[in-house]
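# Overview (structure and organization)
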Amino acid sequence: MTHSTESTAAEAATTESGLVGDLDLELTPGKPPILRVTESVAPSSLPEWIGERRAALESALLDHGAVLLRGLGVRDSAALGRIGERLSGTVMPEREAFARRRPLGGPVVSSLEWPPDQPMCMHHEVSYGLEIPRLLTIGCFAPPTRGGITGLADAQAVLAGLPEPIVTRFTEHGWSLVRSYNDLVGVPWQESIGVAERDAAEAYCEANGIGFAWQQDGGLRTTQRRSAVIRHPLTGNRVWCNQIAFLNEWTMEPAVREFLVTQFGELGLPFNTRYGDGSPIDADTVATINKVYEAATLREPWQAGDVLLVDNIRMAHSREPYEGHREVGMVLGAPVRLADCSPTHQPAAAP
């Protein structure tokens, strides 16, 4: 999006500074908080630099949900990995992935391999799992020529902005994720779950509250019920933390949905979401959720070397369509158990 001179001037007039510990954050409406780094920091000194500011950064994340570090010049996965490991304490691999990520070295993986002309709706990483990364450390090694913004939306504000009937129904019933693994779309079950044999896949599903059924063609169909509204493990605040809209059929481009329905049938889509009781979610409800997300979205175009810290339970994130080469790496860290987030439903296979 191109801003006019008037809007740029107005934006500058509303930019404020916010002190969090020793951090001087730049606060601008419609943008994530920005910490501008003016000193030169050698790649080998990144862990020490981050360590000195770790408590202040954690405080800023609790206050704002995200902080963009600009000026560190983090241009490769080795540097990003040092930051992610120092901040997170513990890093975690992704399980139950629905799209591929490329390993970039150490704990760093690429962003999801998703068509650049298709948006990725707001979501919280691994919010369908029993263990969720609380901290995402995202680095931009190469920004695209156009678009590709990683949008952010405060899950507390989203919860407050949703119509009460939608919140009540999802709070009472939760949400369910239905997956039909195939060789055409997404990743095979062996890669997603991280096992090679059927009995190991069944054991994983049983241990993680996932229902499963083997299809005649050898494919795997899974269902799992999770809570749509949970509490942040550190603040206790209620948040709308899920992937209901992102993985729902009505968020897809109509042509994409039509193709997938033709290939797999309405009940065999590679992934889809439903209410926790198994009822389908109507298109209007999905549109309403996405509209509330849009109203809450913060945006700031990537610059090479940027590092974005995101509280993955407090903030949803998205990826807008883009043109050109875009290289973004991510570290999933500081895992928390869903059980420690006051879930409204015990993890179980969906009806």
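Predicted, not measured: the structure shown is a model, and the values here were computed from it.

### Digging into the overall build of the protein chain
Regarding its fold elements, the protein chain presents nine helices and 21 strands. Here the C-alpha radius of gyration of the protein chain, 20 Å, is about what a compact globule of 351 residues would show, namely 20 Å. Each principal axis of the C-alpha distribution contributes one length, and for the protein chain these read about 60 × 40 × 40 Å. Looking at the protein chain as a whole, 51% of its 351 residues are labelled buried. Within the protein chain, contacts between residues separated by at least 24 positions form 78% of all contacts whose residues are at least 6 apart in sequence. Here the protein chain displays about 15,500 Å² of accessible surface, and carbon together with sulfur accounts for 51% of that area. Considering the protein chain, the positive charge centre built from 30 side chains and the negative charge centre built from 44 side chains are found 1 Å apart.

### Points about the confidence of the model for the protein chain
Predicted coordinates in areas of low pLDDT are best not read in detail. On average, residues of the protein chain score 92 in pLDDT, and 94% of them reach the 70 mark or higher. Predicted confidence is poor over residues 1-10, with pLDDT under 50, and the contacts of this stretch with residues over four places away or in other chains come to one contact.

### A look at the sheet that holds strand E12 (residues 210-214)
Strand order across the open sheet formed by four strands is E12-E13-E11-E16, with antiparallel pairing between neighbours. In this open sheet, the two strands that pair with only one neighbour each are E12 and strand E16 (271-275). Each adjacent strand pair in this sheet contributes to an overall mean axis angle of 15°, direction not counted. Summarising the sheet, E12 and strand E13 (residues 220-226) pair through five bridges and their orientation is antiparallel. When the bridges of E13 are listed, Ile-210 appears paired with Gln-224. Seen against the sheet, helix H7 (residues 198-207) touches E12 and E13 and runs at an angle of roughly 150° to E12.

### What about the sheet that holds strand E19 (residues 315-319)?
Ordered by their spatial adjacency, four strands build an open sheet running E7-E19-E10-E17, and the pairing between neighbours is antiparallel. Each having just a single partner strand, strand E7 (120-123) and strand E17 (297-298) make up the two edges of the open sheet. Note that E7 and E19 share two bridges and pair antiparallel. Of the residues in E19, the one forming a bridge with Met-120 is Arg-319.

### Points about the pairing of E19
Among the five residues that make up E19, five are buried, leaving the element largely enclosed by the rest of the structure. Burial along E19 is two-sided: the face carrying Met-315, His-317 and Arg-319 and the face carrying Ala-316 and Ser-318 are both buried.

### Some points on the pairing of strand E8 (residues 131-142)
Extensive coverage of E8 is indicated by the burial of 11 of its 12 residues. Examined bridge by bridge, E8 and strand E21 (residues 327-337) share 10 bridges and lie antiparallel to one another. Residue pairing for E21: Ala-142 is matched across the bridge by Glu-327. Alignment of E8 against strand E18 (residues 307-311), held across five bridges, turns out to be antiparallel. Residue pairing in the sheet places Leu-135 in a bridge with Asp-311 of E18.

### What to know about the environment of His-64
Examined against the element boundaries, His-64 turns out to sit in helix H2 (residues 46-64). Look at His-64 and you get partly exposed, because its relative accessible area is 26%.

### Observations concerning the layout of surface pockets
Space inside the largest pocket adds up to approximately 780 Å³. Around the largest pocket, the lining is made up of 34 residues, and of these Trp-114, Gln-118, Pro-119, Met-120 and Phe-246 lie nearest the centre. Of all the secondary structure elements, the ones that give two or more residues to the lining of the largest pocket are E7, helix H8 (254-264), helix H9 (283-296) and E19. Here the residues of the lining of the largest pocket are counted per class, giving 20 nonpolar, seven polar and seven charged.

How each quantity is defined
Residues numbered from 1 in each chain as written. Predicted model: local features only at pLDDT ≥ 70, side-chain atom pairs only at ≥ 80, totals over all residues. Heavy atoms only, no water. Helix = DSSP H or I, 4+ residues; strand = E, 2+ residues; numbered from the N terminus. Rg over C-alpha atoms; globule rule 2.2 N^0.38 Å. Buried < 20%, exposed > 50% of the residue type's maximum accessible area, 1.4 Å probe, protein only. Contact = heavy atoms within 4.5 Å. Areas by Shrake-Rupley, 256 points an atom, 1.4 Å probe, with all protein chains shown as cover. Lys, Arg positive; Asp, Glu negative; His and termini not counted. Charge placed at Lys NZ, Arg CZ, Asp CG, Glu CD. pLDDT = per-residue confidence, 0-100. Pairing = 2+ DSSP bridges. Axes fitted to C-alpha atoms, helices over the stretch in contact; angles between N-to-C directions. 1 Å grid on protein atoms, 1.4 Å probe; cavity = no way out; pocket = protein on both sides within 12 Å on 5 of 7 lines; lining within 4 Å. Points joined across faces, edges and corners; volume = space filled by probe spheres on them. Nonpolar A, V, L, I, M, F, W, Y, C, P; charged D, E, K, R; others polar.

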